[in-house]
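Secondary and tertiary structure notes
The primary structure of each chain is shown beneath.
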There are 2 protein chains.
Amino acid sequence: MKCVSCKETYDAKDAGTCRECYEEASETEEELKREIEELKAKVNFLRFWAPLDPRPHDYNRSTTPDVVLVAVDADSGNPVANSAPVPANKAVLASRSPVFRAMLETEMEESLSGTIKLSDVSYDALRAFVNYLYTAEAYLDDDMACNLLILADKYEVKHLKTYCEKFLISKLIWETSLISYSFAHQHNASNLLDAALSLILDNMDKLSKREEYLELVEKDPRLIVEIYEAYLSKQVNTAAAATTTTSSSHDDKVNIASATGSRVPTFLV
Amino acid sequence: MKCVSCKETYDAKDAGTCRECYEEASETEEELKREIEELKAKVNFLRFWAPLDPRPHDYNRSTTPDVVLVAVDADSGNPVANSAPVPANKAVLASRSPVFRAMLETEMEESLSGTIKLSDVSYDALRAFVNYLYTAEAYLDDDMACNLLILADKYEVKHLKTYCEKFLISKLIWETSLISYSFAHQHNASNLLDAALSLILDNMDKLSKREEYLELVEKDPRLIVEIYEAYLSKQVNTAAAATTTTSSSHDDKVNIASATGSRVPTFLV
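Residues numbered from 1 in each chain as written. Chains lettered and ligands numbered in written order. Predicted model: local features only at pLDDT ≥ 70, side-chain atom pairs only at ≥ 80, totals over all residues. Heavy atoms only, no water.

**Things to note about the overall build of chain A**
- The helix and strand tally for chain A stands at 13 helices and three strands.
- Within chain A, buried positions represent 41% of all 269 residues.
- In chain A, of all internal contacts separated by at least 6 residues, the share reaching a separation of at least 24 is 56%.
- When the accessible surface of chain A is split by element, carbon and sulfur atoms take 52% of a total near 14,700 Å². (Helix = DSSP H or I, 4+ residues; strand = E, 2+ residues; numbered from the N terminus. Buried < 20%, exposed > 50% of the residue type's maximum accessible area, 1.4 Å probe, protein only. Contact = heavy atoms within 4.5 Å. Areas by Shrake-Rupley, 256 points an atom, 1.4 Å probe, with all protein chains shown as cover.)

Printed below as a string of structure tokens:
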């Protein structure tokens, strides 16, 4: 037969779908593509242009700001070096973050002065943060993803948090998984936490040799305890699954160590 | 063979794709669905809640208004019966419409008073219009689609105009196509105009008998002229296509009337 899609001939054993299903699938694909185009147009319509947005527009859609955000030093309260106030609109900030909303729509200092001070943030991260609140777009590298995740957690901007987590998960490697795990814990990033933990659990035999491990045992031993608890729980589940599989042969006594093989670290055997 | 999708057996003549192409298509479909989910989350993040939005929210995301829109009688300038001021945010209006932007971000009356008066609009249409500027959503019937298209044209909100045009095009029937054509012309709705014109051109033999035709000849004869011009141009194109098809037999002299058959109205034969 000849494939209607790639036009190459194939044997019966390599057959895929009948023609009707192929045509249906093609229609579905077209419909999905149309839906994507419509959603993209909607995103473009709903997007704001931040007052500092440098891109050229079809007409100048950036709005007159009525509030500024300033990156300040946590101790002195003075603006950080090489920074400038970042202009924004109260309506946008309040719509995107319940924390900004509380600041701006009550009689708090920020609302009255029209200035919001943020500490522990660089000027670049602050600009990228404000821009994301307007456009739902950010250009991430490892540093920026971490900085924006911290801001997203603090100001409760869920959409940005998910975006940063996805980026950081895509970059996860075993060598840095403990640092990511600790970072995720500190900033309530549950998706990143799960992904980092899963990578750590797959490499338990190497865990205790890592420098970051020793540091974390000193600094925050509860986090290390949680790793071991998760590991034990995983072993019990693996054993239970093995029991279910082999229960028909009445071999219930599964040895946890043998079920998980050579990956069991010394302390458990 | 057995179709891997519908699981039914089929003959070689009904064969569709090979298995490899089927698997690729399935992956593509999954990717498109993921992209749709991401875009929907983005739309949800970028959407504002209008001050009058009645829906319950995860937290109250509606913003404190700083401007009101009022539906007024064109002659008296007084608010229309059973209406109330519709609260909104300058930043949202200015971001969505260059017309509102010009009103609100210069020293015009509307900017100073915080009140925008709109004439020739019902209270319901005004509320739906403002709600669309916040959410990119509207519940349309024929009347509302026309009312919102008029506002979208006046205030240059392209996304809403396209949305209303699509709805009206989906409802087009021959019996009302002349009215739609005239309406589209009046409010610069080029997609609706093209669709209505195409339907009219397919029914030219019945055109001059319609009451709306006679009315339009009186009221705006240029519009009727444009229909006949389009009809003639279509005939010429059809004839040219027929010429190309038959040119190998050197039969260049194609009779326009015979090429288009019985649909040619009396005035042209």
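**Observations concerning the packing of aromatic side chains**
- One pass over the structure, following the stated rule, counts 13 aromatic pairs over all chains.
- On the numbers, 6.1 Å between centres and 75° between planes, the contact of F48 of chain B with Y134 of chain B is edge-to-face. Of this pair, F48 of chain B sits in the loop between α1 (19-46) and β1 (67-72) while Y134 of chain B is found in helix α5 (residues 123-135), placing the two residues 86 residues apart along the sequence. Across the pair, Y134 of chain B and F48 of chain B agree in class, each one buried.
- Grouped by ring-pair contacts, the aromatic residues F48 and Y134 of chain A together with F48 and Y134 of chain B constitute a single cluster.
- The ring centre of F45 of chain A lies 5.4 Å from the NZ or CZ of R96 of chain B, which sits over that ring. (Phe/Tyr/Trp six-rings, centres within 6.5 Å; stacked < 30°, edge-to-face > 60°. Lys NZ or Arg CZ within 6 Å of the ring centre and 35° of its normal.)

**Quick notes on the sheet that holds β1 of chain B**
Residues and elements named next belong to chain B.
- Taken together, the three strands give an open sheet; going across it, the order is β2-β1-β3, and neighbouring strands pair in mixed fashion. The open sheet has two free edges, formed respectively by β2 (86-88) and β3 (115-119), since each of these has just one partner strand. Put simply, the sheet's adjacent strands are angled 25° from each other on average, direction ignored.
- With five bridges joining them, β1 and β3 adopt parallel strand pairing. (Pairing = 2+ DSSP bridges. Axes fitted to C-alpha atoms, helices over the stretch in contact; angles between N-to-C directions.)

**Thoughts on the environment of M144 of chain A**
Residue and element names in this part refer to chain A.
- Among the structural elements, M144 can be located in helix α6 (residues 142-154).
- What makes M144 buried here is its relative accessible area of 16%.
- In this structure the C-alpha to C-alpha distance between M144 and Y134, which are ten residues apart in sequence, comes to 17 Å.
- Discounting chain neighbours no more than four positions away, the residues touching M144 are D124, A125, A128 and Y139.

**Section: helix α8 (residues 177-186) of chain B**
Residues and elements named next belong to chain B.
- Extensive coverage of α8 is indicated by the burial of seven of its ten residues.
- Looking only at α8, the buried set comprises S177, L178, S180, Y181, S182, F183 and A184.
- A positive backbone phi angle near 55° is found at N188, which sits one or two residues after α8.

**Structural notes on the confidence of the model for chain A**
Residues and elements named next belong to chain A.
- With 86% of its residues at a pLDDT of 70 or more, chain A has an overall mean of 84.
- Of all secondary-structure elements in chain A, the lowest mean pLDDT belongs to helix α13 (residues 256-260), at 42, while α6 reaches the highest, 97.
- Segment residues 56-60: pLDDT under 50, and eight contacts once partners within four positions in sequence are set aside and those in other chains are kept.
- Low pLDDT (under 50) marks residues 251-269, which in the prediction has 28 contacts with non-local residues, meaning those over four places away or in another chain.
- Confidence estimates for the predicted assembly give a pTM of 0.78 and an ipTM of 0.75. (pLDDT = per-residue confidence, 0-100.)

**A word on the relation of the copies chain A and chain B**
- Rotating chain A by 180° and translating it 0.0 Å along the rotation axis places it on chain B, where the RMSD comes to 0.1 Å. As the rotation angle and translation indicate, the two copies are arranged about a two-fold axis.
- Looking at the interface residues of chain A, 98% of them are also at the interface in chain B, so both copies use one shared face. (Least-squares fit on C-alpha atoms with pLDDT ≥ 70 in both.)

**Concerning the packing of α5 of chain B against helix α6 (residues 142-154) of chain B**
All names here are of chain B.
- Contact geometry of α5 with α6 gives a least axis separation of 10 Å together with a crossing angle of 65°. As α5 runs across α6, the sense of the crossing is right-handed. Judged by residue contacts, D124, A125, A128 and F129 of α5 engage M144, N147, L148, L151 and A152 from α6.
- The residue inventory of the contact of α5 with α6, partitioned by class, reads seven nonpolar, one polar and one charged. (Left-handed = near helix turned anticlockwise from the far one by under 90°. Nonpolar A, V, L, I, M, F, W, Y, C, P; charged D, E, K, R; others polar.)

**A closer look at the interface of chain A and chain B**
- In this assembly, 59 residues from chain A lie in contact with 59 residues from chain B.
- The contact between chain A and chain B buries some 5,000 Å² in all, and 65% of this surface belongs to carbon and sulfur atoms.
- Sorting the residues of chain A by area buried against chain B places T17, F45 and L46 of chain A first, and these three jointly supply 14% of that buried surface.
- In this assembly, chain A and chain B are joined by 15 residue pairs in polar contact (both at pLDDT 80 or more).
- For the side of chain A that touches chain B, the secondary-structure elements that each account for two or more residues are α1 (19-46), α2 (90-96), α3 (98-104), α5 (123-135) and α7 (158-170) of chain A. (Buried area = accessible area lost by both parts, 1.4 Å probe. Polar contact = N/O pair within 3.5 Å; in protein donor to acceptor, adjacent residues only side chain to side chain.)

**Notes on the state of the cysteines**
- Inspection of every chain in the model, using the stated rule, returns zero disulfides over all chains.
- Its sulfur unpaired, C21 of chain B is 3.7 Å from the next cysteine sulfur, which belongs to C6 of chain A.
- No disulfide involves C164 of chain B; its sulfur sits 8.4 Å from the nearest other cysteine sulfur, which is in C146 of chain B. (Disulfide = S-S within 2.5 Å.)

**Focus on the side chain of S97 of chain A**
All names here are of chain A.
- Along the chain, the position of S97 falls in the loop between α2 and α3.
- A polar atom in the side chain of S97 sits 3.2 Å from the backbone nitrogen of V99.
- A polar contact of 2.8 Å, which involves the side chain of S97, links it to the backbone oxygen of Y155.

**Considering the sheet that holds strand β2 (residues 86-88) of chain A**
Residue and element names in this part refer to chain A.
- With respect to topology, three strands assemble into an open sheet ordered β2-β1-β3, the strand pairing being mixed. Where the open sheet ends on each side, the last strands, each with one partner, are β2 and β3 (115-119). With strand direction ignored, the average angle separating the axes of adjacent strands in the sheet is 30°.
- Sheet topology note: the strand β1 (residues 67-72)/β2 ladder contains three bridges and is antiparallel. Bridge assignment links L69 to a residue of β2, and that residue is V86.
- In this fold α5 packs onto β1, β2 and β3, with an angle of close to 15° to the strand it touches most, β2.

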